[in-house]
Amino acid sequence: METSGVGGRAGIRRSRDVPALVDRARDGDPRAVARLITLVESGDELLPEVAAALAPHTGSAQVVGLTGSPGVGKSTTTNELVRALRSRGHRVGVLAVDPSSPFTGGAILGDRVRMQDHATDPGVYIRSMSSRGHLGGLAAATPQAVRVLEGAGCDVVLVETVGVGQAEVEIASLADTTLVLLAPGMGDAIQAVKAGILEIADVFVVNKADRDGVDATVRDIQGMIALGERGPGEWRPQVVRAVAAKGEGIDDIAAAIDKHRDWLEQRGELRRRREARAAAEVEAIVLGVLRERMGSLRAGTALSTLAAKVADGSLDPYAAADELLAQIAS
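Predicted model only: the values in this text are computed from it and were never measured.

**Q** Explain the overall build of the protein to me, please; I cannot follow it from the model alone.
**A** Looking only at helices and strands, one finds 12 helices and seven strands in the protein. Looking at the 330 residues of the protein, the share that counts as buried comes to 46%. A separation threshold of at least 6 residues defines the contact pool for the protein, and within that pool the share at least 24 residues apart is 73%. Just so you have it, the protein exposes about 16400 Å², and 53% of that area is on carbon and sulfur atoms.

**Q** I'm lost on the pattern of salt bridges in this one. Help?
**A** When charged atoms on two side chains of opposite charge get close, those side chains can pair. For the structure shown, the criterion picks out 16 salt bridges. A salt bridge links D210 to K246; the nearest nitrogen and oxygen atoms lie 3.3 Å apart. One end of the pair, D210, is in the loop between β6 (203-206) and α8 (214-227); the other, K246, is in the loop between β7 (238-241) and α9 (250-267), with 36 residues separating them in the sequence. According to the relative accessible area criterion, D210 is partly exposed, its value standing at 47%. Put simply, R272 and E269 hold a salt bridge, and the shortest N to O gap is 2.7 Å. Taken together, the residues span about one helical turn, with R272 and E269 both in helix α10 (residues 269-299) at a distance of three residues. Residue classification places R272 among the partly exposed positions, given a relative accessible area of 45%. Take E269: its relative accessible area is 17%, and that puts it in the buried class. The structure contains a network of salt bridges with shared partners spanning D202, E269, R272 and R273.

**Q** Any chance you could explain the nonpolar core here in plain terms?
**A** Side chains of a nonpolar character, in soluble globular proteins, are inclined to be buried together. Core analysis: the largest hydrophobic core is formed by 43 residues, its most contacted members being V33, L36, I37 and L149. Considering each element in turn, this core owes the most residues, six residues, to helix α2 (residues 30-42). Among all residues touching I37, those that are not within four sequence positions of it are L95, Y125, R127, A145, V148 and L149.

**Q** When you look at the packing of aromatic side chains in this model, what are you seeing that I'm missing?
**A** As enumerated under the stated definition, the model contains one aromatic pair in all. Both rings, one in W235 and one in W263, keep their centres 5.9 Å apart while their planes meet at 50 degrees; by these two values the pair is tilted. Of this pair, W235 sits in the loop between α8 and β7 while W263 is found in helix α9, placing the two residues 28 residues apart along the sequence. Each member of the pair, W235 as well as W263, is classed as buried.

**Q** Even after reading the chapter, I still don't get the pairing of strand β4 (residues 156-160), so can you show me in this structure?
**A** The side chains of a regular strand alternate between the sheet's two faces. Of all five residues in β4, five are buried, a share of seventy percent or more. In β4, alternate side chains face the same way, and those of V156, L158 and E160 on one face and V157 and V159 on the other are all buried. Bridge analysis of strand β1 (residues 62-68) against β4 gives five bridges, and the strand direction is parallel. Looking across to β4, one finds that V64 is bridged to L158.

**Q** Got a minute to help me understand the packing of α9 against α10 in this structure?
**A** Each pair of packed helices gets described by two things: the angle between the helix axes and the distance between those axes. At a minimum axis separation of 5 Å, α9 and α10 run at an interaxial angle of 90 degrees. On the basis of the axis angle, α9 is roughly perpendicular to α10. Contacts between α9 and α10 involve H260, R261, W263, L264, E265 and R267 on the former and, on the latter, E269, L270, R273 and R274. Along the lines of polarity and charge, the residues of the contact of α9 with α10 split into three nonpolar, one polar and six charged.

**Q** Please explain the environment of G151 as it appears in this structure.
**A** With respect to the secondary-structure elements, G151 resides in helix α5 (residues 142-151). A relative accessible area of 0% means that G151 is categorised as buried. When the C-alpha atoms of G151 and A25 are compared, they prove to be 8.0 Å apart, with 126 residues separating the residues in sequence. When near neighbours in sequence (up to four residues on either side) are disregarded, G151 contacts R26, L54, H57 and T58.

**Q** I'm lost on the pairing of β6 in this one. Help?
**A** Here β6 shows two buried faces, one formed by V203 and V205 and the other by F204 and V206. Bridging between strand β5 (residues 177-182) and β6 involves four bridges; their strand directions are parallel. Paired with L182 across the two strands is V206, which belongs to β6. Across four bridges, the pairing between β6 and β7 is parallel. Looking at the pairing, V203 lines up with Q238 of β7.

Reading the values: the criteria
- Residues numbered from 1 in each chain as written.
- Predicted model: local features only at pLDDT ≥ 70, side-chain atom pairs only at ≥ 80, totals over all residues.
- Heavy atoms only, no water.
- Helix = DSSP H or I, 4+ residues; strand = E, 2+ residues; numbered from the N terminus.
- Buried < 20%, exposed > 50% of the residue type's maximum accessible area, 1.4 Å probe, protein only.
- Contact = heavy atoms within 4.5 Å.
- Areas by Shrake-Rupley, 256 points an atom, 1.4 Å probe, with all protein chains shown as cover.
- Salt bridge = Lys/Arg side-chain N within 4 Å of Asp/Glu carboxyl O.
- Core = buried A, V, L, I, M, F, W, Y, C linked by side-chain atoms within 4.5 Å.
- Phe/Tyr/Trp six-rings, centres within 6.5 Å; stacked < 30°, edge-to-face > 60°.
- Pairing = 2+ DSSP bridges.
- Axes fitted to C-alpha atoms, helices over the stretch in contact; angles between N-to-C directions.
- Parallel < 35°, antiparallel > 145°, perpendicular 65-115°, else oblique.
- Nonpolar A, V, L, I, M, F, W, Y, C, P; charged D, E, K, R; others polar.

Coordinates in, geometry out; function isn't part of it.
Listed below in structure tokens is the structure:
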């Protein structure tokens with residue numbers, strides 16, 4: 001048996017393993033989930049078959065993103081949210097995207113170390129993912145990893161971003177609800193204006209609210225929200241105070257997430273966001289295939305021949321691009 005197209009070929013034995021692997025993941029086997037995510041991260045040739053096996057089981061999980069500058073307490077808040085969600089009986093998946101090692105490409109911080117409270121809980125799966133230089137606060141494989149956790153039966157998937165600062169807005173296109181964490185005394189209100197975070201936050205969490213200056217931080221955020229233009233019935237970002245290290249304010253965060261989920265469903269926005277997310281996934285896969293084909297053309301003479309014609313003026317770059325696209329499509 002062979003598979004062709006986007007994913008290339010797969011051996012008979014490994015191909016037959018995929019349905020069993022998905023079944024084991026749905027039964028709660030963490031090793032099966034780990035293997036599926038590893039296949040996703042490595043761009044394995046079995047990905048099309050994995051995606052096909054997972055597809056009937058995806059689309060129902062709530063995806064919540066957590067972003068913010070380093071040091072605001074994203075991992076601690078994530079840890080406490082897992083606790084709150086488990087108390088409701090939810091099965092929870094966590095994808096913690098970390099910076100990459102420049103030597104091995106692996107995740108440097110290993111957020112799982114900071115979430116050891118849930119290490120023995122069979123209803124929680126935590127995975128650190130290396131960003132591998134991908135901009136936007138996520139790893140390139142994060143969207144497909146979310147699908148793995150959905151397919152494995154997680155009711156809620158929490159995605160914690162790298163924490164790189166102003167460029168970290170990609171999470172808004174992946175999550176149903178995006179939490180932006182800020183902390184008093186870190187200049188985050190000004191950073192939010194610079195980064196345009198006002199546009200991506202569904203809920204602002206002012207963490208470390210036992211510090212001096214929390215009232216000023218809350219006022220700054222509320223002032224920015226008031227300046228934003230929104231029509232009747234549009235979502236107004238919530239502002240919640242918390243001290244995640246003490247477990248304070250976590251119920252308020254969960255309530256704000258619930259309120260936003262209700263709004264999404266009532267307005268039909270949840271469906272729209274998920275369709276946009278699916279479109280972005282399909283586009284990314286297509287672009288990946290095109291890049292591979294471009295690489296093959298670079299290895300040959302087609303691109304260099306066209307480049308030579310553009311350089312000597314016998315062909316314009318747009319005409320050359322059209323020729324190259326025609327070769328890719330053939």
